[in-house]
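Coordinate analysis (summary)
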Amino acid sequence: MAQEASRDPGRPASPASWPSAPVPSVPGDVWHWQLSSMPVVSRVRSDLRARIAHPSVSAGSTDDARDGLLLVFEELASNAMRHGGGDIRAVVVAGPGGWLLDLSDEAPDRPPIPAVDRDPALGGMGLHLVAQLSLDYGWERRPGRKHVLARLPSGREELESARDRLPEPRSPEIPWHD
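Residues numbered from 1 in each chain as written. Predicted model: local features only at pLDDT ≥ 70, side-chain atom pairs only at ≥ 80, totals over all residues. Heavy atoms only, no water.

Of regular secondary structure, the protein chain possesses 5 helices and 5 strands. Of the regular secondary structure in the protein chain, the N- to C-terminal order runs β-α-α-α-β-β-α-β-β-α. Considering the protein chain as a whole, with its 178 residues, one finds that 42% of them fall into the buried category. When contacts within the protein chain are restricted to residue pairs at least 6 apart in sequence, those whose partners lie at least 24 apart make up 70%. Of the roughly 10200 Å² of accessible surface on the protein chain, 55% is carried by carbon and sulfur atoms. (Helix = DSSP H or I, 4+ residues; strand = E, 2+ residues; numbered from the N terminus. Buried < 20%, exposed > 50% of the residue type's maximum accessible area, 1.4 Å probe, protein only. Contact = heavy atoms within 4.5 Å. Areas by Shrake-Rupley, 256 points an atom, 1.4 Å probe, with all protein chains shown as cover.)

In structure tokens:
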């Protein structure tokens with residue numbers, strides 16, 4: 001993804017803009033859906049939940065990461081339904097280390113705009129949530145279409161790196177003293 005789309009986990013998402021970034025090409029299993037209504041979004045979310053629960057996928061991801069994927073899917077899909085229009089398509093790529101979501105619609109002149117200075121009780125905080133849960137995020141305008149994307153971690157790399165930081169086990173010869 002474009003450099004400006006990379007998110008520093010210590011830096012909050014910019015409230016005023018959603019970065020422009022091309023949809024990356026990543027290897028993995030590709031799943032496609034057409035979204036025509038909110039009930040269809042709910043059915044697709046159930047299908048996505050079943051796919052990521054399969055042992056071949058769930059073994060490489062954490063429960064929290066899978067929940068994050070479903071939440072980001074729901075946010076981007078509902079935004080496409082509310083603010084996009086026309087033919088809405090969802091693509092999820094289950095790749096090594098995580099997922100790529102690409103939600104596209106026929107409203108290329110309506111970029112995603114995060115809510116600014118809005119009471120969270122009034123809603124509209126979905127893009128901020130997507131930015132917090134994603135490794136990268138952005139949007140791309142193509143002829144006749146807008147693509148809103150998010151790349152999410154599987155959660156396993158965090159576990160692996162934490163395992164690397166654990167102290168070595170105590171040697172049995174070294175007595176423990178209080």
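Ordered in space as β1-β2-β3-β5-β4, the 5 strands form an open sheet in which the pairing is antiparallel. The sheet is open, and its two borders are formed by β1 (29-35) and β4 (136-142), each paired with just one other strand. Direction aside, the axes of adjacent strands within the sheet are offset by 15 degrees on average. Sheet topology places strand β3 (residues 98-105) next to strand β5 (residues 145-153); 8 bridges connect them, and they run antiparallel. What sits directly across from Trp 99, in β5, is Leu 152. (Pairing = 2+ DSSP bridges. Axes fitted to C-alpha atoms, helices over the stretch in contact; angles between N-to-C directions.)

What follows deals with the pairing of β4. When you tally the buried positions in β4, you get 5 out of 7 residues, the bulk of the element. Linking β4 to β5, which pair antiparallel, is a turn of 2 residues; within it Gly 144 sits at a positive phi near 80 degrees.

The next thing to look at is a nonpolar patch on the surface. On the surface, a nonpolar cluster with roughly 190 Å² of combined accessible area is contributed by Leu 71, Leu 129 and Leu 133. Here Leu 129 shows up in helix α4 (residues 126-133). (Patch = residues over 30% accessible without salt bridge, like charges linked within 9 Å, V, L, I, M, F, W, Y side chains within 5 Å. Salt bridge = Lys/Arg side-chain N within 4 Å of Asp/Glu carboxyl O.)

Evaluation of the coordinates by the stated rule reveals 2 aromatic pairs. A ring pair is formed by Trp 18 and Tyr 137, whose centres lie 4.6 Å apart and whose planes are at 45 degrees; its orientation type is tilted. Within this pair, whereas Trp 18 is found in the segment before β1, its partner Tyr 137 is found in strand β4, the two being separated by 119 residues in sequence. Summarising the burial analysis for this pair, Trp 18 and Tyr 137 share the class buried. (Phe/Tyr/Trp six-rings, centres within 6.5 Å; stacked < 30°, edge-to-face > 60°.)

Once that is clear, we can look at the packing of helix α1 (residues 38-53) against helix α3 (residues 63-83). For the pair α1 and α3, the least separation of the axes is 10 Å and the interaxial angle reads 160 degrees. On the basis of their axis angle, the class for α1 and α3 is roughly antiparallel. For the pair α1 and α3, the sense of crossing is right-handed. Note on element contacts: α3 touches α1 through Arg 66, Leu 69, Leu 70, Leu 71, Phe 73, Glu 74, Ala 77, Ser 78 and Met 81, opposite Met 38, Val 41, Val 44, Arg 45, Leu 48, Arg 49 and Ile 52. For the contact of α1 with α3, a count of residues per class yields 11 nonpolar, 1 polar and 4 charged. (Parallel < 35°, antiparallel > 145°, perpendicular 65-115°, else oblique. Left-handed = near helix turned anticlockwise from the far one by under 90°. Nonpolar A, V, L, I, M, F, W, Y, C, P; charged D, E, K, R; others polar.)

One finds Leu 35, Leu 48, Phe 73, Leu 76, Trp 99 and Leu 101 to be the most contacted residues of the largest nonpolar core, which totals 33 residues. Where this core is concerned, the elements lending two or more residues are β1, α1, α3, β2 (88-95), β3, α4, β4 and β5. Looking at which element gives the most residues to this core, the answer is α3, with 8 residues. The contacts of Leu 48, once residues within four sequence positions are left out, are Trp 31, Trp 33, Leu 69, Leu 70, Phe 73 and Val 92. Of all hydrophobic cores here, the second largest spans 5 residues; its members include Val 23, Val 91, Leu 100 and Leu 149. (Core = buried A, V, L, I, M, F, W, Y, C linked by side-chain atoms within 4.5 Å.)

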